[in-house]
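Read off the chains here:
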Amino acid sequence: MHLSEEDMDPVVKRLRRAHGQLAGVMKMIEEGRECADVVTQLAAVSKAIDRAGFTMIAAGLEQCVRSDEDADDAKERLQRMFMSLA
């Protein structure tokens with residue numbers, strides 16, 4: 001499955017945002033910030049990465065629906081992708 005640049009643009013934006021958030025988390029740790037604040041930011045990074053993955057899968061699902069791939073094979077492959085994010 002190959003996603004178009006149009007499909008990948010929101011994924012790349014989310015990952016760039018997560019990259020910045022992760023850098024911020026590392027800085028917070030180095031500065032000795034409160035644990036609760038660090039965990040909150042880690043959760044935000046995790047959510048951003050998860051959303052990037054789900055965005056990719058959603059775009060892939062559209063392609064699978066339009067493709068010649070066997071429906072059962074497509075369903076199984078998409079289920080594996082979803083579970084890898086769980």
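Look a little higher up for the structure.
Throughout, a residue's number is its position along its own chain's written sequence, starting from 1. In view of the model being predicted, local features appear only for residues whose pLDDT reaches at least 70, and side-chain atom pairs are presented and counted only at 80 or more, with totals across whole chains, interfaces and linings using the full set of residues. The side-chain quantities take in all heavy atoms of the structure and omit both hydrogens and water.

For the rest of this paragraph, the subject is the overall build of the protein. Helix and strand counts for the protein stand at three helices and zero strands. For the purposes of this entry, the term helix denotes a DSSP run of H or I that reaches at least four residues, the term strand denotes a run of E that reaches at least two, and both are numbered from the N terminus. Ordering the α and β elements of the protein from the N terminus gives α-α-α. The C-alpha radius of gyration computed for the protein amounts to 17 Å, which surpasses the reference 12 Å derived for 86 residues by more than 25%, pointing to a less compact arrangement than a globule. Burial analysis of the protein (86 residues in total) assigns 19% to the buried set. If you sum the accessible surface of the protein, you get close to 6400 Å²; carbon and sulfur atoms cover 56% of it. Neither His nor the chain ends is counted toward charge; the positive residues are Lys and Arg and the negative residues Asp and Glu. Charged groups are reduced to one reference atom each: NZ for lysine, CZ for arginine, CG for aspartic acid, CD for glutamic acid. Averaging the locations of the 12 positively and 16 negatively charged side chains of the protein gives two centres separated by 6 Å. As defined in this context, the radius of gyration uses C-alpha atoms, and a globule is described by 2.2 Å times the residue total to the power 0.38. Partly exposed residues are those whose accessible area sits between 20% and 50% of the maximum for their type, while under 20% is buried and over 50% is exposed, using a 1.4 Å probe and protein chains only. Computed with a 1.4 Å probe, the accessible areas rest on the Shrake-Rupley method; for each residue, only the protein chains presented here act as cover.

Moving on: a nonpolar patch on the surface. On the surface, a nonpolar cluster with roughly 260 Å² of combined accessible area is contributed by Leu22, Met26 and Leu42. Relative to the helices and strands, Met26 resides in helix α1 (residues 5-30). Patches in this entry comprise residues that are over 30% relatively accessible and not in a salt bridge; like charges within 9 Å are linked, as are nonpolar side chains (Val, Leu, Ile, Met, Phe, Trp, Tyr) within 5 Å. Basic side-chain nitrogens of Lys or Arg form a salt bridge, by our definition, when they fall within 4 Å of a carboxyl oxygen of Asp or Glu.

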